[in-house]
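Tertiary structure, described
Chain by chain, the residues:
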Amino acid sequence: MEEIIAKKYANALIKTYPQNILKNIFASLCDISNALSIQKCQEIVHSPYITKQAKTDFILSLLKHKESEIFIKILSQNNRIEIIPFITKALKKHFMDTEKKYEAILYVAQELDSATISTMTNNLSKKLNVDIAIKQCLTKIDGIKLIVQDLGIEISFAKERFFENLKSHILKAI
């Protein structure tokens, strides 16, 4: 629910401001999102004992760029301060789409060296005609899995599945 509301606010920002100002607003929202991830800041924003004006002033004190001030006041009026991280996420997705830069997550059992990651990044970037940054995530899967969430791409190779397919192929040949 919060993500849907955040997308509407993000789309309003995208339609209202030019790219350079939008990047400043995004930077400010990132700072606020980072602050809201801290427990004490969450307590301030959710506290019923602190007035709405005090909460607004607190959030405004975190701003580096004044372009965001009106937007923060609107969010505060509508009791939407807690959706700022979701708005930040939606704006980040917008910037990645416009610049054709995407993040991929590589799930592996053991960490791969940087040369292998670089080769995978270059080959995948050429295939998809976009810039891709690959992050490794260590898991207990017996194989390898690459997910580019924003493009809806999932590539996986599981050892267990390979052996099952090999066995079925051999049984069919007999």
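Conventions we followed
Residues numbered from 1 in each chain as written. Predicted model: local features only at pLDDT ≥ 70, side-chain atom pairs only at ≥ 80, totals over all residues. Heavy atoms only, no water. Domains from an automatic or database assignment. Buried area = accessible area lost by both parts, 1.4 Å probe. Salt bridge = Lys/Arg side-chain N within 4 Å of Asp/Glu carboxyl O. Axes fitted to C-alpha atoms, helices over the stretch in contact; angles between N-to-C directions. Helix = DSSP H or I, 4+ residues; strand = E, 2+ residues; numbered from the N terminus. Parallel < 35°, antiparallel > 145°, perpendicular 65-115°, else oblique. Left-handed = near helix turned anticlockwise from the far one by under 90°. Contact = heavy atoms within 4.5 Å. Nonpolar A, V, L, I, M, F, W, Y, C, P; charged D, E, K, R; others polar. Buried < 20%, exposed > 50% of the residue type's maximum accessible area, 1.4 Å probe, protein only.

Some details on the domain arrangement of the protein chain
One can read the domain layout of the protein chain as domain 1 (1-97) and domain 2 (101-173). One C-alpha centre belongs to domain 1, the other to domain 2; they are set 35 Å apart. Here domain 1 meets domain 2 over a buried area of about 400 Å², counting both sides, of which 42% is carbon and sulfur. Linking domain 1 with domain 2 are one salt bridge, by the criterion used here.

Section: the packing of helix H1 (residues 2-16) against helix H6 (residues 84-99)
Closest axis-to-axis distance for the H1/H6 pair is 8 Å, and the angle between their directions is 55 degrees. Put simply, H1 runs oblique to H6. In the crossing of H1 with H6, the sense of the turn from one axis to the other is right-handed. When H1 is examined against H6, the residues Glu2, Glu3, Ala6, Lys7, Tyr9, Ala10, Leu13 and Ile14 are found in contact with a partner set consisting of Phe86, Ile87, Lys89, Ala90, Leu91 and His94. Considered class by class, the residues forming the contact of H1 with H6 number nine nonpolar, one polar and four charged.

Some words on unusual backbone geometry
Within the chain, Lys100 stands out as a residue other than glycine whose phi angle is a positive 55 degrees. Within the secondary structure, Lys100 sits in the loop between H6 and strand E1 (101-108). The exposure class assigned to Lys100 is partly exposed, which follows from its relative accessible area of 45%. Positioned with a positive phi, Asn129 is a non-glycine residue whose angle comes to about 60 degrees. With respect to the element layout, Asn129 can be found in the loop between helix H7 (114-128) and strand E2 (131-138). Residue classification places Asn129 among the exposed residues on the basis of a relative accessible area of 61%.

Regarding the pattern of salt bridges
Applying the stated rule across the entire model yields six salt bridges. Here Glu99 makes a salt bridge to Lys23, at a shortest N to O gap of 3.1 Å. Highlighted residues: Glu99 in helix H6 and Lys23 in helix H2 (residues 19-36), separated in sequence by 76 residues. For Lys23, a relative accessible area of 40% corresponds to the partly exposed category. Across the pair Lys135 and Glu103 runs a salt bridge whose closest N-O atoms are separated by 3.7 Å.

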